[in-house]
Amino acid sequence: MEFKAIIDAKTHAPSDCAVVGVYENGDLDAAARNIDAQTGGLIRQLHAGGDFAGKTGDTLLLPRPAGAASARVLLVGLGPRAGFDRKQYRKALLSSAQALAKTGAADSVVYLALEGIAGVEVQYRARMVAEIFSAQGYKIPDLKSGAKPKPAKLSSVSVAAENARTVKAAANGLKIGAAIGSAMAMSRDLANLPPNICTPTYIGQRAESLAKEWPRIKTTVIDKNGIKALKMGAFLAVAQGSAQPPRLIVCEYHGAKKTSAPICLVGKGITFDSGGISLKEPPAMDEMKFDMSGAATVLGAMRAAAELALPINLVVIIAACENMPSGGAIKPSDIVTSMSGQTVEILNTDAEGRLVLCDAITYGRRFKPAAVIDVATLTGACVVALGHHLSGLMSNDEALAAEIAAAGIRADDRAWRMPIADEYVDQLKSNFADLANVGGREGGACTAASFLSKFAAKLAWAHLDVAGTAWLGGSQKGSTGRPIPLLVDFLVNRARSR
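Residues numbered from 1 in each chain as written. Predicted model: local features only at pLDDT ≥ 70, side-chain atom pairs only at ≥ 80, totals over all residues. Heavy atoms only, no water.

A.B. asks: Tell me about the overall build of the protein, residues and numbers included.
C.D. replies: Broken down by element type, the protein carries 15 helices and 19 strands. Whereas a compact globule of 498 residues would reach a radius of gyration of roughly 23 Å, the protein reaches 24 Å, a difference of no more than 12%. Each principal axis of the C-alpha distribution contributes one length, and for the protein these read about 80 × 50 × 45 Å. Per-residue burial for the protein yields a buried fraction of 58% across its 498 residues. In the protein, of all internal contacts separated by at least 6 residues, the share reaching a separation of at least 24 is 77%. For the protein, the computed accessible surface area is about 20,100 Å², with 53% contributed by carbon and sulfur atoms. Separation of charge centres in the protein, based on 55 positive and 46 negative side chains, amounts to 5 Å. (Helix = DSSP H or I, 4+ residues; strand = E, 2+ residues; numbered from the N terminus. Rg over C-alpha atoms; globule rule 2.2 N^0.38 Å. Buried < 20%, exposed > 50% of the residue type's maximum accessible area, 1.4 Å probe, protein only. Contact = heavy atoms within 4.5 Å. Areas by Shrake-Rupley, 256 points an atom, 1.4 Å probe, with all protein chains shown as cover. Lys, Arg positive; Asp, Glu negative; His and termini not counted. Charge placed at Lys NZ, Arg CZ, Asp CG, Glu CD.)

A.B. asks: Tell me about unusual backbone geometry, residues and numbers included.
C.D. replies: Omega for the bond connecting Arg 482 with Pro 483 falls within 30 degrees of zero, at 5°, which places this linkage in the cis form. With respect to the helices, strands and loops of the structure, Pro 483 is situated in the loop between β19 (478–479) and α15 (484–497). Phi at Asp 412 is positive, roughly 55°, even though this residue is not glycine.

A.B. asks: For the packing of aromatic side chains, give the residues involved together with the corresponding values.
C.D. replies: For any two aromatic rings, the description comes down to two numbers: the centre-to-centre distance and the angle of the planes. Throughout the structure, instances matching the rule amount to 4 aromatic pairs. Relative to Phe 367, the ring of Tyr 363 has its centre 6.1 Å away and its plane inclined at 65°; by these criteria the two rings are edge-to-face. Judged by its relative accessible area of 8%, Tyr 363 is buried. Plain terms: the ring middles of Phe 451 and Phe 455 are 5.2 Å apart, the flat faces sit at 45° to each other, and that makes the pair tilted. (Phe/Tyr/Trp six-rings, centres within 6.5 Å; stacked < 30°, edge-to-face > 60°.)

A.B. asks: Can you break down the pairing of strand β6 (residues 156–161) residue by residue, with the values?
C.D. replies: With 6 of 6 residues buried, β6 lies mostly within the body of the structure. Burial along β6 is two-sided: Ser 156, Ser 158 and Ala 160 facing one way and Val 157, Val 159 and Ala 161 facing the other are all buried. Where strand β1 (residues 2–7) meets β6, 6 bridges bridge the pair, whose relative direction is parallel. In the strand pairing of β6, Phe 3 is matched with Val 157. The pairing of strand β5 (residues 107–110) with β6 spans 4 bridges and is parallel. Bridge pairing in β6 links Val 109 to Ser 158. (Pairing = 2+ DSSP bridges.)

A.B. asks: Quick one: what's the story with the sheet that holds strand β4 (residues 72–79), residue by residue and with numbers?
C.D. replies: Whether parallel or antiparallel, the strands of a sheet pair through hydrogen bonds between backbone atoms. Across the sheet, which stays open at both edges, the 6 strands sit in the order β1-β6-β5-β2-β4-β3 with mixed pairing between neighbours. Looking at the sheet topology across the chains shown, the edges are occupied by β1 and β3 (59–63). Averaged over all adjacent pairs, the angle separating strand axes in this sheet is 25°, with direction ignored. With 6 bridges joining them, strand β2 (residues 18–23) and β4 adopt parallel strand pairing. Bridging from a neighbouring strand, Val 20 pairs with Leu 75 of β4. Strands in contact with helix α1 (residues 30–38) are β2 and β4; relative to β2, the strand with the most contacts, it is inclined by about 100°. (Axes fitted to C-alpha atoms, helices over the stretch in contact; angles between N-to-C directions.)

A.B. asks: Lay out α15 in plain terms, naming residues and giving numbers.
C.D. replies: For α15, which comprises 14 residues, the first-to-last C-alpha distance of 20 Å matches the rise-based estimate of 20 Å (1.5 Å per residue) to within 8%. Taken across its 14 residues, α15 has 11 buried, putting it largely inside the fold. (Expected span 1.5 Å × (residues − 1).)

A.B. asks: Describe the sheet that holds strand β8 (residues 247–254), listing the residues and the values that go with them.
C.D. replies: Read across the open sheet, the 8 strands follow the order β7-β8-β10-β9-β13-β17-β14-β15; overall the sheet is mixed. The open sheet has two edge strands with one neighbour each: β7 (217–222) and β15 (415–417). Neighbour-to-neighbour, the strand axes of the sheet open up by a mean angle of 20°, direction not taken into account. The sheet strands contacting helix α14 (residues 444–453) are β13 (371–376), β14 (391–395) and β17 (461–465), and the helix crosses β17 at an angle near 150°.

A.B. asks: Tell me about the pattern of salt bridges, and please be specific about residues and values.
C.D. replies: Under the criterion given, the structure shown has 21 salt bridges. Glu 398 serves as the salt-bridge partner of Arg 417, at 3.1 Å between the closest nitrogen and oxygen. Of this pair, Arg 417 sits in strand β15 while Glu 398 sits in helix α12 (residues 398–410), and the two are 19 residues apart along the sequence. Note on Arg 417: relative accessible area 34%, which makes it partly exposed. Under the relative-accessibility criterion, Glu 398 is labelled exposed at 56%. Across the salt bridge formed by Asp 413 and Arg 482, the nearest N and O atoms sit 2.6 Å from each other. Taken together, the residues span a long stretch of sequence, with Asp 413 in the loop between α12 and β15 and Arg 482 in the loop between β19 and α15 at a distance of 69 residues. Residue classification places Arg 482 among the buried positions, given a relative accessible area of 18%. A single network of salt bridges, built from pairs that share partners, joins Arg 127, Glu 131, Arg 410 and Asp 489. (Salt bridge = Lys/Arg side-chain N within 4 Å of Asp/Glu carboxyl O.)

Below, the structure written as structure tokens:
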């Protein structure tokens, strides 16, 4: 989908559909007032007559209204005018995108970004348009044998701005939002594919194709022998029960001077997690194809950085494998040696994510990173703690944690700070190895992160547990693409500050 910013606060440019706002008290946004005047007071009449109340997210399509410059006018409820906020704005945009998808409009002008929102600049208001319209247009990879649904006709969305200054800010916001949309589509495609297609080898191939598409990206895919040569004993232990070979995938993006320390994003890439010998319960086990969502996320963030040509250096590291039960699988009480040299007693083979991540984090040290952020669907305990609304955030660096949390707020993709501490590490004590891979049911998300912290010593490191936010289950089953908005916002603002 194409996104454009235009200067049009008053004149009402012709289009297939104009999207304008109406508040609950009958107040109209600037474009709605203009169209109301063109149509002889039609919009005010509809509100006064009770045909359109203006409640947040309500929509009403006016086809070919006499006197209007546009072929269609979509009225969108903005809710109460007092305290109009980003939540109302996002809901209005989502309703607009859904309603437009049901029309024959090929292009549209969205005027909603002209409305002021406390603490939200024009750039972010425009960015939300591109993000939401892109997400609404996403289709799950269709492997059904029946007839394919026709794609929506809408291919171009313009955002109206007031003047040359704000149109520039809006254009920049649309560019960022479109890059986030493309990154989320890529990430969701990977996560939504079945695990017999989206194998570790397949993820490596997608990473290689990304490097062909964006010349600033260099991709290296390391096979099992190479992983063994790196002495990644924890990673290989998880992979050894599967017939699918593991892959260590490394993507490097160079947008700044070589001397500039990179940001390192590490993704958990378990393409299917059966739990191994510590087998999971059958209900919802099919959703364990989403256990590579961290890998899909960091690869999507890499794509967005390249599309935006961010002036930073970025490294993405993905540890990809399956966790399967077999005669060769790791067993509870096995002890493995990680790349760092620390030994780990495996008490539960279903706590495998931290095993692949600890070696990937250690590998990341060779790049001398300014910061390391790992992204993983790591623990069910985080879902119990935070539900499906916020990602868990743990860090050994106060400044980095604050930076990530602020990015989540700006991006409406929030993360909540949770603790790591020696007390949690004490739960991981083993009589036989340096660490055990689990520490009991209590504080499971915190013990998992505290485990990883033992491999991130002297790094500026943060961990995002996205087990509750990366996908939806039930009738809405599918990848959400989170936390790409948070990560891209972090990278954009990090690039601006350097």
